[in-house]
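So the chains spell out like this:
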Amino acid sequence: LVEELVSQLPDATVAWARCPETASQAAFWPCIQIGRQLEGAGAIDADLAAALLPESDAPTLDRPERDRLWLHVAVAKALATATRPVVIVVDDIQWADAGSLRVLEYVCGELRNTPVLLIATARPPGPGAPAALIDCLGELARQPDARRIDLGGLDTEAVGEWVDDRSGGTGSREVAGLIHARSGVRPIAEPT
């Protein structure tokens, strides 16, 4: 769904970060991915990007409390320098580290007067969801321009149509049933 939305915005610079389940301890990984893409596209001020992005992809904070606020403000300032429409997608934030979630919260509140669209995707939080994720989702929901879209899963018939479309009509009900069962009844996205 997000890929389709982005494809409808041909004049925008798109930066996409994916939060893999296995990298949840990688501090600020989604922020680094997005920063590198926006810097490479020339979409934000190069000097600010250079000051923000670490030489290696593993930033460290010496004074966490002070450095955290500096980082949040610096990211918001860098995004405010966007020279053209920018779409930032942070996919699977349920696996993002707590620091990245805090940056997301802060930046979302600072984007109102910028040409930046921020899209965050997350699975519905379950009973064991991290407090940082719950706090982030709550803060994002409080933003006046935020829109939440809840997606339901596809039924077996819709999965069958999806399989037929991608297989040139050679899919079977058995394959559709297997995909439906293995996907946990979540929406199915086109693999990249």
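Criteria and thresholds
- Residues numbered from 1 in each chain as written.
- Predicted model: local features only at pLDDT ≥ 70, side-chain atom pairs only at ≥ 80, totals over all residues.
- Heavy atoms only, no water.
- Helix = DSSP H or I, 4+ residues; strand = E, 2+ residues; numbered from the N terminus.
- Expected span 1.5 Å × (residues − 1).
- Buried < 20%, exposed > 50% of the residue type's maximum accessible area, 1.4 Å probe, protein only.
- Patch = residues over 30% accessible without salt bridge, like charges linked within 9 Å, V, L, I, M, F, W, Y side chains within 5 Å.
- Areas by Shrake-Rupley, 256 points an atom, 1.4 Å probe, with all protein chains shown as cover.
- Salt bridge = Lys/Arg side-chain N within 4 Å of Asp/Glu carboxyl O.
- Pairing = 2+ DSSP bridges.
- Axes fitted to C-alpha atoms, helices over the stretch in contact; angles between N-to-C directions.
- Contact = heavy atoms within 4.5 Å.
- Right-handed = clockwise from strand over helix to strand, strands pointing away.
- Core = buried A, V, L, I, M, F, W, Y, C linked by side-chain atoms within 4.5 Å.
- Parallel < 35°, antiparallel > 145°, perpendicular 65-115°, else oblique.
- Nonpolar A, V, L, I, M, F, W, Y, C, P; charged D, E, K, R; others polar.
- Lys, Arg positive; Asp, Glu negative; His and termini not counted.
- Charge placed at Lys NZ, Arg CZ, Asp CG, Glu CD.

Quick notes on helix α2 (residues 29-40)
And then number 1: Counted at 1.5 Å a residue, the expected span for α2 with its twelve residues is 16 Å, and the 17 Å between its end C-alpha atoms agrees.
And then number 2: Here α2 has its buried residues at Pro 30, Ile 32, Gln 33, Ile 34, Gly 35 and Leu 38.
And then number 3: Once α2 finishes, Gly 42 follows within two positions and takes phi at roughly 65°, a positive value.

So, a nonpolar patch on the surface
And then number 1: On the surface, a nonpolar cluster with roughly 360 Å² of combined accessible area is contributed by Leu 1, Ile 149 and Leu 151.
And then number 2: When you line up the elements, Ile 149 lands in the loop between α6 (131-142) and α7 (156-167).
And then number 3: Judged by relative accessible area, which is 64%, Ile 149 ranks as exposed.

Some remarks on the sheet that holds strand β3 (residues 116-120)
And then number 1: Ordered by their spatial adjacency, three strands build an open sheet running β1-β2-β3, and the pairing between neighbours is parallel. Bordering the open sheet on either side are β1 (13-18) and β3, each of which pairs with just one other strand. On average, each strand axis in the sheet is tilted by 10° relative to the strand beside it, whichever way the strands run.
And then number 2: By the bridge criterion, six bridges tie β1 to strand β2 (residues 86-91) in an arrangement that is parallel. Paired with Ala 17 across the two strands is Val 90, which belongs to β2.
And then number 3: On the sheet, α2 packs against β1 and β2 and is oriented at approximately 155° with respect to β1.

A word on the pairing of β3
And then number 1: Pairing analysis gives five bridges linking β2 to β3, with the strands arranged parallel. The partner of Val 87 across the bridge, within β3, is Leu 117.
And then number 2: Handedness of the crossover joining β2 and β3 through helix α5 (residues 98-110): right-handed.

Let's talk about the nonpolar core
And then number 1: In this structure, Leu 38, Leu 79 and Ile 88 are the most contacted members of the largest nonpolar core, which totals 33 residues.
And then number 2: Counting only elements with at least two residues in this core, the list comes to β1, α2, α3 (46-52), α4 (64-80), β2, α5 and α6.

What to know about the pattern of salt bridges
And then number 1: One pass over the full model with this rule turns up six salt bridges.
And then number 2: For Glu 3, the salt bridge goes to Arg 18, with nearest N and O atoms at 3.8 Å. You can see Glu 3 sitting in helix α1 (residues 2-7) and its partner Arg 18 sitting in strand β1, a full 15 residues away along the chain.
And then number 3: You can call Arg 18 partly exposed: its relative accessible area is 34%.
And then number 4: Look at the salt bridges and you will find they share partners, linking Glu 3, Arg 18 and Asp 91 into a network.

Examining the packing of α5 against α6
And then number 1: Relative to each other, α5 and α6 sit at 10°, their axes nearing to 9 Å. The pairing of α5 with α6 is recorded here as roughly parallel in orientation. Contact residues: α5 offers Ala 98, Leu 101, Arg 102, Leu 104, Glu 105 and Cys 108, while α6 offers Ala 132, Leu 133, Asp 135, Cys 136, Glu 139 and Leu 140.
And then number 2: Of the residues in the contact of α5 with α6, the class split is eight nonpolar, no polar and four charged.

As for a negative patch on the surface
And then number 1: Together, Asp 155, Glu 157, Glu 161 and Asp 164 make up a region of like negative charge exposed at the surface.
And then number 2: With respect to the helices and strands, Asp 164 occurs in helix α7.

Considering the environment of Val 6
And then number 1: In this fold, Val 6 is placed in helix α1.
And then number 2: With relative accessibility at 13%, the residue Val 6 sits in the buried group.

As for unusual backbone geometry
And then number 1: For Asp 92, which is not glycine, the phi dihedral falls at a positive 65°.
And then number 2: With respect to the element layout, Asp 92 can be found in the loop between β2 and α5.

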